[in-house]
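Descriptive structure summary
Now for the letters of each chain:
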Amino acid sequence: MGWSLPEAPSSERLRPYDLRCEHRRTPLGIGTRTPRLVWRLASDRRGDAPTGHRITVRGPGGAPAWDSGWIDGQDTHAYYGGAPLVSFARYTWQVELRDGESAQSWFDTGVLHPDEWRAAWIAHDPETEPPFEPPADDREPRTDRTAHLPAPRYFRRVVDLRPATAVRIACTARGLYELRVNGHRVGDGELTPGWTDYRQRVPYQVYDVTDLIGDGPLCVGAVLADGWWSGSLGWDGRQQAQRYGRDPQLLVQIVAEHEDGSRTVIGSDGRWRETTGPLRYADLLMGEWYDARLELDGWDLAGFDDSSWAPAGVADTGTDVLVPSAAEPVRVTQDLAPAEIRVRDGRAIVDLGQNIAGRVRLTVRGAEAGTRITLRHGEALTDDGDLYTANLRSAEATDHYVAAGRPEETFEPRFTVHGFRYVEVSGHADFDVVGRAMHSDTPVAGEFSCSDAMVRQLMSNVRWSQRDNFVSVPTDCPQRDERLGWTADAQVFLPTACYNADVAAFFTGWLADLRCAQDAVGGAVPDVVPHVMTGRHGTPGWADAATVVPWHLYRVYGDERILRDSLPSMRQWVDHVERHNPGLIWRNKVGSHYGDWLQAGVQTSRDVMATAYFALSADLTARAARVLGDPSAKRYAALRARIGAAFAREFIAADGKITGDTQTAYLLALAHDLVPAGLVPAAVSHLVADLERRGRLLTTGFAGVALLGPVLSEHGHADLAYALLHDDRYPSWGYSIKRGATTIWERWDGWTEEAGFGPVAMNSFNHYTLGSVGAWLYGGVAGLGQEEGSVGFRQPLIRPLVGGTLRWASAAYDTPLGRLASRWEVDGDVLRLSVRIPPGAVATVHVPTTDPASVRESGEPVVGVGQTGSALVCRVESGRYSFTSAW
């Protein structure tokens, strides 16, 4: 397990690989009737490009479902166009390349017709509750915050499906569930079904359990916990509990196929049985309490006696909110052994050496029955070496295990997740722990490295913070009582996220929740998605995620459906701002207006920031409409031009100074083309002057931090960008790294020598937004980007930025076409640049040099197509190239 980029295949002929359906590899339970099929390409031959492809699809029993015939062109995707798909069926598909090789994959369908649901929502019926008698020596580890937490419920039913040739199960919950069949856990997803706006969308998962059916009756069981549905959520978790519903509910549909082609469909109903068990409570924020003395041995097997269990109650029969899961689930992706264990006062402090989101697996030996072992989690230690938990606010992040008295016992929580590096273990001395990192299992798409250890650690911190905060939704922190999908954080970090991982499916699901949460009448977008904070709508930079996210996803992945689904929402949002600000300076209806959140020692004008985002959203909406051939493109393009003119009149002085004179003000205006061409040099000079005046220290917060490297580099000040990158003074990325950070801090002053820990009211040590510099490391330092008009990296732009104290830098990225990579190295007065271009792409390569005539490729002189600054510009087709030049 881990999180590393796999090797791209080598091939002497054009070869398709990494086949995906709906942005996922071999997905179970897709819900669209015209799924999108995509593949990447590999070839070691220079200039290789596809000229055509053919898709064949076979359905149940190998019956032909679609033959596309030969389709000319270089597309690496196709939309299914065959016979109507059948629900709960396996389809194999093959892509064949003209003059190339072929590859095969499969997908399974879910429920394609709403009237096919036969299941009801079942839950605990309080009127049938048998009395619970805890062990005589029971000492409940409850506090005021956990006193109200209910015990998770155990559900089961035995059905006889014999003879069955295949069995699939569709399962979901209003809450969290773990599915079991014939004594085995089903699937490897955690915290299923994930978090969505349950009022409008509840995702279900499909499992193929054919290998588990055996020769006898089938026992299907599930453990059901509160989760996001009715557990602690957001800050002041007790008050926010039961936001969606009071009690969790389970829905299961079993579909068995028989030899004669018939099907048996059995849905959850009142014939299921339920009870409580060893899980005494389970809460995302508070933790878990598990009493192993209460284990129900064999409860998930057909022969178990469940006569003492109560019948389940039918809570609801509505299935209109059910949707197929759009993305990979949360999974455990890496185990971490302790880096250090220190024992003091009967407590052990375990240091995993890495801040993670997840849990620990505890193994205890020789614990007497009734022994309670307590696990407390924290991100840092106090000066005295104790666990630091003040920044958790009301989240207890504590797990309790009560031993059964066996020689060796293992406990691992199932329905909670903690943000931590350190674990305090008390109650028993003979134990082992393993940290288990959990996050939405977005496939790794990129990697970056360089010669500087601190910059490598910075990228590691960025990647870990992305992993730790992509837990079903893009959250702001994994440890305290918040963990919400803040929209600005997501849109600012998205370019970095896309380089690190394939997040197309992940954000497609999140955008669906954003659209659900948008004010249907006014068009305002909430600050957090899923929407759980009333009264916080329409905030500049936050609500603009409605335009920024779909446009960037389209640019990266080339899927027009993202724009088609989002364009009405984009228009509605821009119209909302324009309607309330006819003068085109965004001052009215600004929601919570956080400004450049957590900027360091300055206050960027909120009017400047808001209006810059207004211009950006109008521009992206115009672009999206233009791609889709929508006639509204002209209107939004004209609106963008008028906003730009208003911005210049209102905020830019004749000498190029922008109102507020802050770094973020200049960065926003320059990045989004809001400065009149004649004033751009002056505005850049003011930005540089501010940096120099402050001793080359940054002041940017969330809105400006991602723009520092790109804007400074674009305007000839890469030296300043590198100075900020290498700095370890406060405030800087290096400041936290120098103090042992293994993830990105929420705030620049999370800890300082002068004040110690930052404000406990808001001080996460694991928050990705200030790590948005990652996109510049990939696209600037290593130079992996694409031309302005390019979509899906069909026209890569490799423009490495040699500088700072770096001797070399490298990056690789899996574009929709295939592997794109670059590596540069300075060796004395020679620069070496190696690049890899995927088949079908034509790249523009800027070879850094002090003498264009010195540029060689594989020893041969290079005739470029132009020069820019200190680089020779070349145009190359797919393949691997090795350049050298004078430096």
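Description of the structure in this document. By convention here, each chain's residues receive numbers from 1 onward along its written sequence. Owing to the predicted nature of the model, reporting of local features is limited to residues with pLDDT of at least 70; listing and counting of side-chain atom pairs is limited to 80 or more, with chain, interface and lining totals taken over all residues. Computation of side-chain values: all heavy atoms of the structure, hydrogens and water removed.

Remarks on the overall build of the protein chain
- Strands are runs of DSSP state E lasting at least 2 residues, helices are runs of H or I lasting at least 4, and numbering of each runs from the N terminus. Counting its regular elements, the protein chain contains 15 helices and 49 strands.
- Counting only C-alpha atoms and orienting by the principal axes, one finds that the protein chain spans roughly 85 × 70 × 60 Å.
- Long-range contacts, defined as pairs at least 24 residues apart, comprise 74% of the intrachain contacts of the protein chain with a sequence gap of at least 6.
- Each accessible area is a Shrake-Rupley result for a 1.4 Å probe, and residues are judged covered by the shown protein chains and nothing else. Carbon and sulfur atoms make up 48% of the accessible area of the protein chain, which totals about 31600 Å². Residues count as neighbours in contact if any of their non-hydrogen atoms are within 4.5 Å of one another.

Some remarks on helix 8 (residues 606–627)
- Between its first and last C-alpha, helix 8 extends 32 Å over 22 residues, near the 32 Å set by a 1.5 Å rise per residue.
- In terms of burial, helix 8 is a largely internal element, 16 of the 22 residues being buried.
- Here a polar contact means two N or O atoms within 3.5 Å. Within protein one must be a hydrogen donor candidate and the other an acceptor candidate, and residues neighboring in sequence count only if both atoms are side-chain atoms. In this structure Ser605 caps helix 8, since a side-chain oxygen of it lies 3.3 Å from the backbone nitrogen of Asp607.
- Immediately downstream of helix 8, the backbone of Gly629 shows phi near 70°, a positive value. Helix span, expected: 1.5 Å multiplied by one less than the number of residues in the helix. A 1.4 Å probe rolled over the protein chains alone gives each residue an accessible area, and that area as a share of the maximum for its type sets the label: buried under 20%, exposed over 50%, partly exposed in between.

Remarks on the packing of helix 3 (residues 453–469) against helix 15 (residues 774–781)
- Interaxial distance between helix 3 and helix 15 falls to 9 Å at its minimum, and their mutual angle equals 125°. Regarding the angle of helix 3 to helix 15, the classification is oblique. Along its contact with helix 3, which presents Val455, Leu458, Met459 and Arg463, the element helix 15 presents Gly774, Leu777 and Tyr778. Lines fitted to C-alpha atoms define the axes, with helix axes restricted to the stretch in contact, and inter-axis angles between N-to-C directions lie between 0 and 180 degrees. With respect to orientation, any angle under 35 degrees is reported as roughly parallel, any angle over 145 as roughly antiparallel, any angle of 65 to 115 as roughly perpendicular, and every other angle as oblique.

Considerations on the side chain of Thr621
- Structurally, Thr621 can be placed in helix 8.
- From its side chain, Thr621 meets the backbone oxygen of Ser617 in a polar contact 2.7 Å long.
- Excluding residues within four positions of it along the chain, Thr621 makes contact with Thr547, Leu567, Met570, Arg571, Val574 and Tyr636.

Considerations on the pairing of strand 44 (residues 843–848)
- A large share of strand 44 lies buried, amounting to 6 of its 6 residues.
- Each pair of strands is called paired provided DSSP finds at least two bridges between the two strands. Bridge count between strand 40 (residues 796–798) and strand 44: 2 bridges; the pairing is parallel. Opposite Leu797, over in strand 44, you have Thr844 as the bridge partner.

A short note on helix 10 (residues 663–671)
- Across the 9 residues of helix 10, 8 count as buried, placing the element largely inside the fold.
- Among all positions of helix 10, only Gln663, Thr664, Ala665, Tyr666, Leu667, Leu668, Ala669 and Leu670 are buried.
- The elements touched by buried residues of helix 10 are helix 8, helix 9 (633–651), helix 11 (680–693) and helix 12 (708–714).
- Following helix 10 by one or two positions, Asp673 adopts a phi angle in the positive range, close to 55°.

Focus on the sheet that holds strand 44
- One open sheet accounts for 5 strands, arranged 39-40-44-48-47; its pairing is mixed. On the outer flanks of this sheet lie strand 39 (784–786) and strand 47 (866–868), each paired with one strand and no other. Sheet twist, expressed as the average angle between the axes of neighbouring strands with direction ignored, equals 30°.

A closer look at the nonpolar core
- Ranked by size, the top nonpolar core spans 216 residues in total, and within it Phe448, Phe507 and Phe883 carry the most contacts.
- The biggest single contributor to this core is helix 8, with 13 residues.
- Sequence-distant contacts of Phe448, defined by excluding residues within four places in its chain, comprise Val455, Met459, Leu777, Tyr778, Val781, Ala782, Ala809, Ser810 and Ala811.
- Note on terminology: a nonpolar core comprises buried Ala, Val, Leu, Ile, Met, Phe, Trp, Tyr and Cys residues joined through side-chain atoms within 4.5 Å. One finds Phe155, Val167, Val186 and Ala312 within the second-largest nonpolar core, a separate group that totals 26 residues.

Observations concerning the pattern of salt bridges
- One speaks of a salt bridge when a side-chain nitrogen belonging to Lys or Arg is within 4 Å of a carboxyl oxygen belonging to Asp or Glu. Within the structure shown, the criterion is met by 74 salt bridges.
- Among the salt bridges present, the one from Asp559 reaches Arg36, with a minimum N-O distance of 3.8 Å. Residue Asp559 is located in the loop between helix 6 (545–557) and helix 7 (560–580), and its partner Arg36 is located in strand 2 (residues 36–42); the two are separated by 523 residues in the primary sequence.
- You can call Asp559 buried: its relative accessible area is 2%.

Regarding the sheet that holds strand 34 (residues 446–450)
- Taken in spatial order, the 7 strands of this open sheet run 34-41-42-43-49-45-46, and their pairing is antiparallel. Unpaired on one side and paired on the other, strand 34 and strand 46 (860–861) mark the two borders of the sheet.
- Pairing analysis gives 5 bridges linking strand 34 to strand 41 (residues 808–814), with the strands arranged antiparallel. Counterpart to Phe448 in the pairing with strand 41 is Ala811.
- Across the face of the sheet, helix 15 comes into contact with strand 34, strand 41 and strand 42 (819–827) while running at roughly 75° to strand 34.

So, the pairing of strand 30 (residues 398–402)
- Counted residue by residue, strand 30 has 5 buried out of 5 residues, so it is predominantly covered.
- The alternating pattern of strand 30 places Thr398, His400 and Val402 and Asp399 and Tyr401 on opposite faces, both of which are buried.
- One ladder, built from 5 bridges, connects strand 27 (residues 372–378) with strand 30; its direction is antiparallel. Note that in strand 30 the partner of Leu375 across the bridge is Asp399.

A short note on the packing of aromatic side chains
- Here the aromatic set is Phe, Tyr and Trp, taking the six-membered ring for Trp, and pairing holds for ring centres within 6.5 Å; pairs whose planes are under 30 degrees apart are stacked, those over 60 apart are edge-to-face, and all others are tilted. Evaluated as defined, the whole model comprises 38 aromatic pairs.
- Summarising the aromatic geometry, the rings of Trp745 and Phe765 are spaced 5.3 Å apart at their centres and angled 80° between planes, so their arrangement reads as edge-to-face. Note that Trp745 is positioned in the loop between helix 14 (733–738) and strand 37 (751–752) and Phe765 in the loop between strand 38 (756–757) and helix 15, a separation of 20 residues in sequence. By the burial criterion, Trp745 is buried, and Phe765 matches it.
- Ring centres 6.4 Å apart and planes at 20° place the aromatic pair Tyr881 and Phe883 in the stacked group.
- Grouped by ring-pair contacts, the aromatic residues Phe470, Phe493, Phe506, Phe507, Trp510 and Tyr768 constitute a single cluster.
- In our convention, an over-ring charge means Lys NZ or Arg CZ found within 6 Å of a ring centre and within 35 degrees of that ring's normal. It is Arg90 that lies over the ring of Trp106; its NZ or CZ is 3.6 Å from the centre.
- Taking NZ or CZ as reference, Arg174 lies 4.1 Å from the ring centre of Trp121, over its face.

Let's talk about unusual backbone geometry
- A cis geometry characterises the amide bond from Val529 onward to Pro530, with omega recorded as 0°.
- Here Pro530 lies in the loop between helix 5 (504–517) and helix 6.
- With omega at -5°, the peptide bond leading from Tyr730 into Pro731 counts as cis.
- On the secondary structure map, Pro731 appears in the loop between helix 13 (718–726) and helix 14.
- Even without being glycine, His593 reaches a positive phi, approximately 40°.
- Within the element layout of this structure, His593 appears in the loop between helix 7 and helix 8.
- Backbone geometry at Asp661 places phi at a positive 50°, although glycine is not the residue there.
- Within the secondary structure, Asp661 sits in the loop between helix 9 and helix 10.

Structural notes on the environment of Glu379
- With respect to the helices, strands and loops of the structure, Glu379 is situated in the loop between strand 27 and strand 28 (380–381).
- Take Glu379: its relative accessible area is 6%, and that puts it in the buried class.
- When the C-alpha positions of Glu379 and Thr319 are compared, they lie 41 Å apart, and in sequence the two are 60 residues distant.
- With near-sequence residues (within four places) excluded, Glu379 lies in contact with Asn355, Tyr388, Asn391, Gly419, Phe420, Arg421, Tyr422, Gln479, Asn763, Ser764, Phe765 and Asn766.
- A distance of 2.9 Å separates a polar atom in the side chain of Glu379 from a polar atom in the side chain of Asn355.
- In terms of polar contacts, Glu379 uses its side chain to reach the backbone amide nitrogen of Phe765, at 3.2 Å.

Here's the deal with the packing of helix 4 (residues 487–500) against helix 5
- Put simply, helix 4 and helix 5 touch, their axes get as near as 13 Å, and they point 145° apart. In this structure, helix 4 crosses over helix 5, and the sense of that crossing is left-handed. Contact with helix 4, carried on its side by Thr487, Ala490 and Leu494, involves Phe507, Trp510 and Leu514 of helix 5 and no other residues of that element. Left-handed describes a crossing whose near helix is turned anticlockwise from the far helix through less than a right angle; right-handed describes the clockwise counterpart.

Quick word on the environment of Ala173
- Here Ala173 shows up in strand 11 (residues 166–174).
- By relative accessible area, Ala173 is classed as buried at 0%.
- Sequence-wise, Ala173 and Ala622 are 449 residues apart; in three dimensions their C-alpha atoms are separated by 40 Å.
- Leaving out residues up to four positions away in the same chain, Ala173 has contacts with Trp121, Pro193, Val202, Leu224, Gln249 and Leu250.

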